[in-house]
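Chain residues, written in single-letter form:
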Amino acid sequence: MSVENKLFQEFPPVRTEQWEEVIIKDLKGADYQKKLVWRTDEGFQVRPYYRAEDLNSLDYLETLPNQFPYTRGFKTKNNQWNIVQEITEKDPQKANAIAKNALNKGADTVSFCTKNVTSYQDVKTLLHHIDLETKGVQFRCAVSYIELVKWFIQFVEEQKFDKKKITAAIDFDAIVFALKKGKFYKDKDADLQEIVELIALTSEFPHFKIVNVNGLAMHNAGATIVQELGYTLAVANEYMAFATNKGITSEKMASKMQFTLSVGSNYFMEIAKLRAVRLLWATLIEQYHPACDCAYQLTLNTVASSWNKTLYDPYVNMLRSTTEAMSAALGGADSIALKPFDVAYKQEDEFSSRISRNTQIILKEESYFDKVVDPAAGSYYIENLTHSIIEHAWKLFQDVEIGGGFIVSMEAGKVKADIEQSAQKRDMDIATRKYILLGTNQYPNINESMLDKIVEAKTCNAEGLKSYRGAAAFETLRLQTEAYAKQNHRPKVFLLKVGNLAMRQARAGFITNFFGCAGYEILDNAGFSCADESVKVALNAVPDLIVLCSSDEEYATMGVEIAQKIKKITKKIPVLIAGNPTEIIDTLNEAGVDDYIHVKNNVIEKLNQYNKMLFSPCYIS
């Protein structure tokens, strides 16, 4: 008897039809599609469960790591990745000190901002006492990449480092730069021509990446995963086509490129994304008929999302970064850079840098994420996610190519418009709380104050695609409240709880979260048994808003009575209802109810409305 039969002979196989019958029975008439099928922002549906039969159409599943089409990656012995410490300090001497500390405490690679690097001496200062043969280095935001690379080579030769042992990269991406800024740095031809010179300069450096295709910029502007991959692939194809037309072999150009992709907090989808991009890249490169299989070996540089990081409750960002690091590692990233938890309001410090670095160290040394290659392989769910992403991203790539390529689409404004449309959808999901940013649009820390902690406010005045954070609209509301409270009292919301205990507590909790998102003070209580007592206590608290919390049935009786009593004493304080009792709204309106707070509200619009009203000079007593 086989091992399988010994283990599972007590569990006879169950057909899909049988599972479906049980599910439909349990739904008790509810719509299967609405209740159980997830409609992703990426444009495809995700079923509630998958089975072995759902993998039958996936012809690449029998391949091993380092086999075409490389969905399973290129690693065969372990799942090692480089821990990258991003350094935002622009002063070369200070940045060097930060880098050496990071490398001594677990980082494998340091990534420098080089805006202030304008001479060879600056490069010497930046790289002083860093062993480039054992540690990686990345350079971002250079004024001139050609000059920077020349200075770097001069430093390497002066220090007598072995060029073949050096792992380095610059973030040259002229096309995505033009997408973000609304125009090329010089012009299209001049900018792309730099590729030829950079390849020539680094010809003796086999591990120096001179083109960094920046999908992260699209993600941080609100792009979906499909858009990030489809457009990133289209940008990469522009570089490949340009280089091969200039006589550079496809394998040479491919060896000088890396992708920098985001990793967000959609855990399984992000794992699938990194698996999908390798197959997409292999499919693209295959069309160039490379002379060496090395052309297929895409270097995946991953950076944690900035889009989902929040100003309020910033320690939640640690949790977001942890799942992002896990997704990147399980997806087979070659390097991972996490954002410091305080990135939304200040430059990183030693503590926040250490946390972002140690998160990865724990995943390696305590959780052994670096030991198993492609652990997601064979998962019915993740394999189907991978396949769906591949299909939709490839379709977008093909559409771009049919339209003349990425640059043509970009210059026509199509790429920017497409991503901004997705961003608007994501913003609406945040505003209506379909997408939860914990501590910002749900379960806020009401007494938290961040206005005086903001050290660095980042703005983007370019005409192109703009990066932003999804939490920004909610944060603006709370910062308005904090600014107002410096000269006035913080708006007070009195929870007038009556009647049914379960309903009043549930609705009071909802209201606490709702107005807490704007930083209002919530005046809670145990509840009341009669209208007179509740009105007396509520008015004695001198609130700015009174919210009735009860059941719909009791709103028709006690709710009407309470509203009438309050309005008889004062018409200045708005009386609100927690819920949407549509059948009795006319009656409640006649009693003096001013508004209704419920799950269908656009939270941003509603809170903006109350901020404008409560902070108006005409309203302040």
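Residues numbered from 1 in each chain as written. Predicted model: local features only at pLDDT ≥ 70, side-chain atom pairs only at ≥ 80, totals over all residues. Heavy atoms only, no water.

A. Highlighting the overall build of the protein chain. Along its length, the protein chain carries 23 helices and 16 strands. Over its C-alpha atoms, taken along the principal directions, the protein chain stretches across nearly 85 × 70 × 50 Å. A buried classification covers 55% of the 621 residues belonging to the protein chain. Taking all contacts inside the protein chain whose residues are at least 6 apart in sequence as the whole, residues at least 24 apart take part in 77%. Summed over all atoms, the accessible surface of the protein chain reaches about 28400 Å², with 52% contributed by carbon and sulfur. (Helix = DSSP H or I, 4+ residues; strand = E, 2+ residues; numbered from the N terminus. Buried < 20%, exposed > 50% of the residue type's maximum accessible area, 1.4 Å probe, protein only. Contact = heavy atoms within 4.5 Å. Areas by Shrake-Rupley, 256 points an atom, 1.4 Å probe, with all protein chains shown as cover.)

B. Up close: the layout of surface pockets. Of the volumes computed, that of the second largest pocket is approximately 940 Å³. Residue lining of the second largest pocket: 41 residues in total, with Thr-167, His-207, Lys-209, Thr-299 and Asp-334 positioned closest to the centre. Put simply, the parts of the chain that give the lining of the second largest pocket at least two residues each are strand 3 (82–87), strand 5 (136–140), strand 6 (168–170), helix 11 (250–255) and strand 10 (299–304). (1 Å grid on protein atoms, 1.4 Å probe; cavity = no way out; pocket = protein on both sides within 12 Å on 5 of 7 lines; lining within 4 Å. Points joined across faces, edges and corners; volume = space filled by probe spheres on them.)

C. Expanded view of empty space enclosed by the protein. Summed over the entire model, instances satisfying the criterion amount to two cavities of 30 Å³ or more. Here the largest cavity defines a volume of roughly 50 Å³. As for the largest cavity, its lining consists of Asn-317, Met-318, Ser-321, Leu-338, Lys-339, Pro-340, Phe-341, Ile-355, Ser-356 and Thr-359. Within the residue set of the lining of the largest cavity, elements represented by two or more residues are helix 13 (316–330) and helix 14 (350–365). Taken together, the residues of the lining of the largest cavity break down into five nonpolar, four polar and one charged. (Nonpolar A, V, L, I, M, F, W, Y, C, P; charged D, E, K, R; others polar.)

D. Representation of the packing of aromatic side chains. Under the definition given, this model contains 28 aromatic pairs. Judged by centre distance (5.7 Å) and plane angle (15°), the rings of Phe-515 and Tyr-520 are stacked. Each of the two residues, Phe-515 as well as Tyr-520, counts as buried. Seen from the ring of Trp-81, Lys-364 lies directly overhead, with NZ or CZ sitting 4.9 Å from the centre. It is Arg-478 that lies over the ring of Tyr-312; its NZ or CZ is 4.1 Å from the centre. (Phe/Tyr/Trp six-rings, centres within 6.5 Å; stacked < 30°, edge-to-face > 60°. Lys NZ or Arg CZ within 6 Å of the ring centre and 35° of its normal.)

E. Summary view of the nonpolar core. In terms of nonpolar packing, the biggest core is built from 122 residues, with Phe-112, Phe-152, Tyr-239 and Phe-406 touching the most fellow members. Residues contacting Phe-406, with those up to four places away along its chain left out, are Ile-175, Leu-179, Met-218, Tyr-231, Ala-234, Val-235, Glu-238, Val-400, Glu-401 and Val-415. (Core = buried A, V, L, I, M, F, W, Y, C linked by side-chain atoms within 4.5 Å.)

F. Fine view of a positive patch on the surface. Taken together, the side chains of Lys-90, Lys-115, Lys-180 and Lys-181 present a region of like positive charge at the surface. Relative to the assigned elements, Lys-90 resides in the loop between strand 3 and helix 4 (92–104). (Patch = residues over 30% accessible without salt bridge, like charges linked within 9 Å, V, L, I, M, F, W, Y side chains within 5 Å. Salt bridge = Lys/Arg side-chain N within 4 Å of Asp/Glu carboxyl O. Lys, Arg positive; Asp, Glu negative; His and termini not counted. Charge placed at Lys NZ, Arg CZ, Asp CG, Glu CD.)

G. Representation of the sheet that holds strand 8 (residues 211–214). Read across the sheet, nine strands follow the order 7-6-5-4-3-11-10-9-8 without closing on themselves; strand pairing throughout is parallel. Whereas interior strands pair on both sides, the edge strands pair on one side only; in this sheet they are strand 7 (208–209) and strand 8. The pairing of strand 4 (residues 109–113) with strand 5 spans five bridges and is classified as parallel. Looking at the pairing, Val-110 lines up with Val-137 of strand 5. (Pairing = 2+ DSSP bridges.)

H. Spatial organisation of helix 7 (residues 174–181). Taken together, the buried positions of helix 7 are Ala-174, Ile-175, Val-176, Ala-178 and Leu-179. The inward-facing, buried residues of helix 7 contact helix 8 (188–201), strand 8, helix 9 (216–219), helix 10 (225–245), helix 16 (406–411) and helix 17 (414–431). Where helix 7 ends, the next residue or the one after it, Gly-182, has phi of about 90°, a positive value.

I. The arrangement of the environment of Trp-81 in detail. Turning to its location among the elements, Trp-81 is positioned in the loop between strand 2 (45–46) and strand 3. As a C-alpha pair, Trp-81 and Glu-324 span 243 residues in sequence and 14 Å in three-dimensional space.

J. View of the sheet that holds strand 12 (residues 492–497). If you trace the five strands from one edge of the open sheet to the other, you get 13-12-14-15-16, paired in parallel fashion. The two strands at the open ends of the sheet, each matched to only one other strand, are strand 13 (521–523) and strand 16 (595–597). For this sheet, the mean inter-axis angle between neighbouring strands, taken without regard to orientation, is 30°. Packing against the sheet, helix 19 (residues 501–516) makes contact with strand 12, strand 13, strand 14 (545–549), strand 15 (575–578) and strand 16, and its axis sits at approximately 170° to strand 12. (Axes fitted to C-alpha atoms, helices over the stretch in contact; angles between N-to-C directions.)

K. Broad picture of the pattern of salt bridges. Counting across every chain of the model gives 30 salt bridges. Note that Asp-342 and Lys-346 form a salt bridge whose closest N and O atoms lie 3.0 Å from each other. Judged by its relative accessible area of 17%, Lys-346 falls in the buried class. Residue Lys-416 pairs with Glu-420 through a salt bridge whose shortest N-O separation is 2.8 Å. Separated by four residues within a single helix, Lys-416 and Glu-420 lie in helix 17, roughly one turn from each other. Residue Lys-416 is classed as partly exposed on the basis of its relative accessible area of 25%. Beyond isolated ion pairs, a larger network of salt bridges with shared partners links Arg-72, Arg-275, Asp-374 and Glu-383.

L. Spatial organisation of the environment of Asn-101. Among the secondary structure elements, Asn-101 is positioned in helix 4. Overall, Asn-101 belongs to the partly exposed group, its relative accessible area being 23%. A C-alpha to C-alpha distance of 9.3 Å links Asn-101 and Glu-350, two positions 249 residues apart in sequence. For Asn-101, the side chain forms a polar contact with the side chain of Glu-350, separated by 2.9 Å. (Polar contact = N/O pair within 3.5 Å; in protein donor to acceptor, adjacent residues only side chain to side chain.)

M. Inspection of unusual backbone geometry at higher detail. Here Phe-68 and Pro-69 are connected by a cis peptide whose omega angle stands at 10°. Residue position: Pro-69 is located in the loop between strand 2 and strand 3. The phi dihedral of Tyr-70 falls on the positive side, at around 70°, and the residue is not glycine. Position of Tyr-70 relative to the elements: it lies in the loop between strand 2 and strand 3.

N. Just the packing of helix 7 against helix 10, in detail. Here helix 7 crosses helix 10 at 130°, and the two axes come no closer than 9 Å. By the angle between their directions, the pair helix 7 and helix 10 is classed as oblique. Two secondary-structure elements touch here, helix 7 through Ala-174, Ile-175 and Val-176 and helix 10 through Val-235, Glu-238 and Tyr-239. Residue composition of the contact of helix 7 with helix 10, by class: five nonpolar, no polar and one charged. (Parallel < 35°, antiparallel > 145°, perpendicular 65-115°, else oblique.)

O. Examining the side chain of Glu-270 more closely. Summarising the element assignment, Glu-270 is placed in helix 12 (residues 267–286). Looking at Glu-270, the relative accessible area reads 4%, which means it is buried. At 3.1 Å, the side chain of Glu-270 and the backbone nitrogen of Gly-264 are in polar contact. For Glu-270, the residues in contact, after removing those within four places along its chain, are Ile-225, Ser-262, Val-263, Gly-264 and Ser-327.

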